[in-house]
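# Chains, contacts and geometry: an overview
Each chain is listed here by its residues.
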Amino acid sequence: MQREGALLLASWGAALGGGASQHYLHIRPAPSDNLPLVDLIEHPDPIFDPKEKDLNETLLRSLMGGHFDPNFMAVSLPEDRLGVDDLGELDLLLRQRPSGAMPSDIKGLEFYEGLQPGKKHRLTKKLRRKLQMWLWSQTFCPVLYTWTDLGSRFWPRYVKVGSCYSKRSCSVPEGMVCKPAKSVHLTILRCTWIPIQYPIISECKCSC
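The rules behind each value
- Residues numbered from 1 in each chain as written.
- Predicted model: local features only at pLDDT ≥ 70, side-chain atom pairs only at ≥ 80, totals over all residues.
- Heavy atoms only, no water.
- Core = buried A, V, L, I, M, F, W, Y, C linked by side-chain atoms within 4.5 Å.
- Buried < 20%, exposed > 50% of the residue type's maximum accessible area, 1.4 Å probe, protein only.
- Helix = DSSP H or I, 4+ residues; strand = E, 2+ residues; numbered from the N terminus.
- Contact = heavy atoms within 4.5 Å.
- UniProt positions renumbered as here; feature names shortened; annotations may be inferred.
- Polar contact = N/O pair within 3.5 Å; in protein donor to acceptor, adjacent residues only side chain to side chain.
- Salt bridge = Lys/Arg side-chain N within 4 Å of Asp/Glu carboxyl O.
- Pairing = 2+ DSSP bridges.
- Axes fitted to C-alpha atoms, helices over the stretch in contact; angles between N-to-C directions.

Before going further, it helps to examine the nonpolar core. Membership of the largest hydrophobic core comes to 16 residues, with the highest contact counts inside it found for Trp155, Val159, Ile188 and Tyr198. Secondary-structure elements contributing two or more residues to this core are helix H2 (57-64), strand E3 (154-155), strand E4 (158-163), strand E5 (177-190) and strand E6 (194-207). The leading source of residues in this core is E5, at three residues. Residue contacts for isoleucine 188: discarding those within four places in its chain leaves Met64, Met73, Leu150, Phe154, Trp155, Pro156, Val159, Ile194, Pro195, Ile196 and Tyr198. If you look at the next biggest cluster of nonpolar residues, it comprises 11 residues, including Ile106, Leu135, Trp136 and Phe140.

So this is what it looks like as structure tokens:
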């Protein structure tokens, strides 16, 4: 059964590469929206930095009210902060068990094109499920969250932002990469503690 699965993947991949089956083009997600987000640009003059008297945490929490989200905001540097070098490992870990609902285009695949005529029923339900899960793991684009330091002019200073890992291909055949598709806004304070909307990536999709 394993040998049949390997042969099936090989023949199926060859068909995709040669453009023989237009059906499989539908497993490629739609292109992303007009992202990524624009970075903050701050004046370098320290005169704009807050003074010690401006950093009253009790007052600042009161100004934030219900907008303070401990899952995405922190006053001090979180211990679980990931570095840039950790993103590849995190991406691989999350793709081993894709979250959410399996895309309908993948869930509906029967993989008949890779079988010899008259042998459609040899593909068991278990093998079909394995092939679907493999394909899903290859095309899945998780949002990778890491903590970033916005600097002393923002409160809370540390915000968890999302990114899309683009150092691997997310399509079969290769060529497409994970790119930002959606964003949400967090409300934080900017010195002199005016509420602003800070955007973070909330969804990644496989795109050209």
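Okay, the UniProt feature "glycosylation site" (unreviewed entry) in the chain next. The residues that UniProt annotates with the feature "glycosylation site" (unreviewed entry) are Asn56. Relative to the helices and strands, asparagine 56 resides in the loop between helix H1 (2-17) and H2. Residue asparagine 56 is classed as partly exposed on the basis of its relative accessible area of 39%. From its side chain, asparagine 56 meets the backbone nitrogen of leucine 59 in a polar contact 3.1 Å long.

What follows deals with the pattern of salt bridges. A complete count under the given rule lists 10 salt bridges for this structure. Between arginine 153 and glutamate 42 there is a salt bridge; the shortest N-O distance is 3.1 Å. With a gap of 111 residues between them, arginine 153 in the loop between strand E2 (144-149) and E3 and glutamate 42 in the loop between H1 and H2 connect regions that are remote in the sequence. Under the relative-accessibility criterion, arginine 153 is labelled buried at 7%. The partly exposed category is assigned to glutamate 42, whose relative accessible area is 29%. Its salt-bridge partner being lysine 53, residue aspartate 54 comes within 3.5 Å of it at the nearest N-O pair. With a relative accessible area of 24%, aspartate 54 lands in the partly exposed category. A cluster of three or more residues bridged by salt bridges with shared partners is formed by Glu42, Asp49, Arg153 and Arg190.

With that settled, consider the pairing of E5. Across two bridges, E3 lies against E5 in antiparallel orientation. Its bridge partner being in E5, tryptophan 155 is matched across the sheet by leucine 189. Pairing between E5 and E6: 13 bridges, direction antiparallel. Directly across from isoleucine 188, in E6, lies its bridge partner isoleucine 196. Hairpin connection between E5 and E6: a loop of three residues separates the two successive antiparallel strands, and tryptophan 193 in this loop has a positive phi of roughly 55°.

Once that is clear, we can look at the sheet that holds strand E1 (residues 73-74). Judged by pairing direction, the sheet is antiparallel, and its three strands sit side by side in the order E1-E4-E2 without closing on themselves. Whereas interior strands pair on both sides, the edge strands pair on one side only; in this sheet they are E1 and E2.

A separate point is the sheet that holds E3. Judged by pairing direction, the sheet is antiparallel, and its three strands sit side by side in the order E3-E5-E6 without closing on themselves. Looking at strand neighbours, the two that pair on one side only are E3 and E6, the edges of this open sheet. Sitting on the sheet, H2 touches E3 and E5, and the angle it makes with E5 is about 115°.

This next bit is on the environment of leucine 93. Structurally, the position occupied by leucine 93 is in helix H3 (residues 87-96). The class for leucine 93 is exposed, based on a relative accessible area of 52%. A sequence separation of 49 residues divides leucine 93 from proline 142, and the C-alpha atoms of the two residues are 9.9 Å apart.

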